[in-house]
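Chain and residue survey
Below are the chains, spelled out letter by letter.
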Amino acid sequence: MKEELEKRVVKGPDGVEFEVDPLRDYYCQSAPTVMPPAYIKIVEELFNWARAESIWILGFGTGCGAIEMRPLMTPRFDAYRYGIQWRPTPRQANLFVISGYLSVKTLKRAIRSYEQMQNPKYVVGLGSCTINGGMYWDSYNTIKRLDDYLPVDLYITGCMPRPEALLAGFQELKRLIRAGQAEGANRYAEQFEWYKANQKRVIHDWDMPDYNW
Amino acid sequence: MHELHERLKAIFPLGELTVQRPDLAFITLGREHLRPLLLELRHRHGFTHLVLLTAVDWIEEGCFQLTYLLNDRAGARDLGLRVMLPREGASMESIHDLWPTAATYQRELREMFGIDFPASPGVDEPFILEGWRDIPPYRRDFDTLKFAEENFNQRPGRATLDPARHMRDRLHPEGE
Ligand code: SF4
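By convention here, each chain's residues receive numbers from 1 onward along its written sequence. A letter from A marks each chain and a number from 1 marks each ligand, given out in the order of writing. Confidence filtering applies because this is a predicted model: local features only for residues at pLDDT of at least 70, side-chain atom pairs given and counted only at 80 or more, and all residues used for totals across whole chains, interfaces and linings. By convention in this description, side-chain values take in all heavy atoms of the structure and omit both hydrogens and water.

The name given to chain B in an unreviewed UniProt entry is NADH-quinone oxidoreductase subunit C, with the source organism recorded as Candidatus Sedimenticola endophacoides.

For chain A, an unreviewed UniProt entry supplies the name NADH-quinone oxidoreductase subunit B and the organism Candidatus Sedimenticola endophacoides. UniProt positions are given in the numbering used here, feature names are shortened, and annotations may be inferred rather than shown by experiment. According to the UniProt record, the Sequence similarities (unreviewed entry) comment for chain A reads "Belongs to the complex I 20 kDa subunit family."

Printed below as a string of structure tokens:
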């Protein structure tokens with residue numbers, strides 16, 4: 001465990017000493033809960049329409065595919081005309097694009113970032129590496145199927161997918177959201193134990209709370 | 001390069017000179033001569049830049065080869081120094097006091113090959129890997145594929161095609 005996560009006694013500015021247990025005190029301990037649909041169908045459909053039209057991507061690039069995001073967010077392909085924007089922090093984003101291979105070390109950061117995102121939230125896996133390991137299929141350091149660790153709503157194939165493929169993927173994601181089928185976050189909450197067990201099997205130095213939302 | 005080799009050989013017992021290109025050559029030497037030779041090259045012959053420090057695992061011979069690649073900017077030439085170490089309990093003197101950047105390479109070699117560099121700054125701290133439990137992954141007796149199969153869930157149905165044959169079958173199914 002890292003030193004800054006160890007339990008310790010801290011002296012406050014007023015001279016009072018108190019004990020700090022970072023893992024318990026700095027993070028929320030309760031597991032995520034399932035978000036039920038709205039009370040009547042038509043309202044839920046309205047919500048889903050609104051959700052589909054406001055996609056905010058977390059600016060977190062992993063692997064080679066992150067390079068395709070730059071032309072997408074600039075005038076050449078201009079994803080903004082589809083109502084899609086990039087955000088700098090997990091708190092402001094609702095779509096996590098895993099843009100390629102994930103090393104175990106990055107997976108840890110990806111999990112933390114995903115859990116910090118607010119509901120409703122979606123995950124898109126980009127490229128062969130997220131699907132079956134791609135050309136890193138025999139690597140000692142990258143995971144081979146993303147959906148064992150994070151709830152993936154949509155995969156976009158390719159190595160790497162072109163910006164056009166991403167745009168098509170975003171349209172497909174919108175269709176899924178409007179149809180109420182992009183339920184990844186709820187799946188994550190329902191099968192939380194299973195996801196955690198998978199995550200902990202590859203991340204050996206687990207030094208964070210189980211849920212750090 | 002040959003001239004430089006002759007001049008150095010007069011002072012140090014050096015191995016053969018392997019000339020790869022007119023501006024790139026390699027010399028093998030014993031580990032005890034490395035530091036004096038580095039100093040000599042740096043102060044007398046203009047090799048002021050450590051380009052890289054890397055290792056090769058000669059598992060059949062039971063040794064690691066360390067390669068110190070130096071660059072002489074004014075003379076536009078590179079010289080590689082090769083040092084062989086026994087693989088068992090591999091350990092080498094640190095050169096971080098000559099080139100501070102060497103400390104980073106040495107950390108990497110420690111983690112990826114398990115070659116120790118006592119007294120090199122931070123050499124015992126984790127560098128790139130987190131929570132690694134197996135033998136160092138760049139050693140050739142580390143079976144990457146087996147490790148990947150045991151540790152990561154695989155998605156069934158993955159197929160590998162030989163690119164040349166696949167293209168021929170797709171594009172020219174009639175011809176050979
Ligand atoms: S799918 Fe291809 S482009 Fe994408 S991260 Fe993997 S190797 Fe890189």
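**Here we look at helix H2 (residues 41-52) of chain A**
One turn of an α-helix holds 3.6 residues; hence residues three or four places apart share an orientation. Residue and element names in this part refer to chain A. Taking 1.5 Å per residue as the helical rise, H2 with its twelve residues ought to reach 16 Å, and the 16 Å between its terminal C-alpha atoms agrees with that figure. Accessible area is worked out with a 1.4 Å probe on protein chains only. A residue is then buried under 20% of its type maximum, exposed over 50%, and partly exposed in between. Only DSSP runs of H or I with at least four residues qualify as helices, and only runs of E with at least two residues qualify as strands; both kinds are numbered from the N terminus onward. Taken together, the buried positions of H2 are occupied by Val43, Glu44, Asn48, Arg51 and Ala52. On its buried side, H2 packs onto strand E3 (55-58), strand E6 (122-126) and helix H6 (163-178). Here the expected span of a helix is defined as 1.5 Å times the quantity of residues minus one. What makes two residues a contact is simply this: any of their non-hydrogen atoms within 4.5 Å.

**Topic: the site of the ligand**
Proximity is defined per residue: any heavy atom of the residue falling within 4 Å of a molecule or strand makes that residue near it. What surrounds the ligand is the set Cys64(A), Gly100(A), Tyr101(A), Gly127(A), Ser128(A), Cys129(A), Met135(A), Tyr136(A), Gly158(A), Cys159(A) and Met160(A). By the convention adopted, Pro, Cys, Tyr, Trp, Phe, Met, Ile, Leu, Val and Ala count as nonpolar, Lys, Arg, Asp and Glu as charged, and the other residues, Gly among them, as polar. Looking at the shell around the ligand, its residues break down into seven nonpolar, four polar and no charged.

**Here's the deal with the sheet that holds strand E2 (residues 24-29) of chain B**
Residues and elements named next belong to chain B. Taken in spatial order, the five strands of this open sheet run E1-E2-E5-E4-E3, and their pairing is mixed. Each edge of the sheet is formed by a strand with only one pairing partner; in this case those strands are strand E1 (14-21) and strand E3 (49-58). With direction set aside, neighbouring strand axes in the sheet form an average angle of 20°. Between any two strands, at least two bridges found by DSSP are needed for them to pair. Bridge analysis of E1 against E2 gives five bridges, and the strand direction is antiparallel. Within E2, the position partnered with Val19 by the bridge is Ala25. To obtain each axis, a line is fitted to C-alpha atoms, and for helices this fit is confined to the stretch in contact; angles are then taken between N-to-C directions over 0 to 180 degrees. Those strands touched by helix H2 (residues 34-44) are E1, E2, strand E4 (63-72) and strand E5 (77-86), and its axis lies near 170° from that of E5.

**Description of the packing of helix H4 (residues 104-116) of chain A against helix H8 (residues 192-202) of chain A**
Residue and element names in this part refer to chain A. Across the interface, H4 lies against H8 with an axial gap of 10 Å and an inter-helix angle of 150°. In this view, H4 runs roughly antiparallel relative to H8, as classed from their interaxial angle. Here the hand of the crossing between H4 and H8 comes out left-handed. Residues Val104, Leu107, Ile111 and Glu115 of H4 pack against Phe192, Lys196, Gln199 and Val202 of H8. Here the contact of H4 with H8 is built from residues that sort into five nonpolar, one polar and two charged. Each angle gets one of four labels, with under 35 degrees taken as roughly parallel, over 145 as roughly antiparallel, 65 to 115 as roughly perpendicular, and the rest as oblique. By definition, any crossing whose near helix is turned counterclockwise from its far helix by less than a right angle is left-handed, and any crossing with a clockwise turn is right-handed.

**Focus on the packing of H2(A) against H6(A)**
Residue and element names in this part refer to chain A. Between H2 and H6, the least distance of the axes is 8 Å, while the angle of their chain directions is 165°. As judged from the angle between their axes, H2 and H6 are roughly antiparallel. In terms of crossing hand, the pair formed by H2 and H6 is right-handed. Counted together, Asn48, Trp49, Arg51 and Ala52 of H2 and Lys174, Ile177 and Arg178 of H6 form the full contact between these two elements. When its residues are assigned to classes, the contact of H2 with H6 shows three nonpolar, one polar and three charged.

**Considering unusual backbone geometry**
Note that the residue after Asn119(A), namely Pro120(A), is joined by a cis bond; omega there is -10°. Structurally, Pro120(A) is set in the loop between H4 and E6. Here the bond from Cys159(A) into Met160(A) is cis, since omega is -10°, no more than 30 degrees from zero. A positive phi angle is found at Asp78(A), which is not glycine, with a value near 45°. At Ala119(B), a residue that is not glycine, the phi angle is positive and equals roughly 75°. Topologically, Ala119(B) is positioned in the loop between helix H3 (102-113) and helix H4 (144-151).

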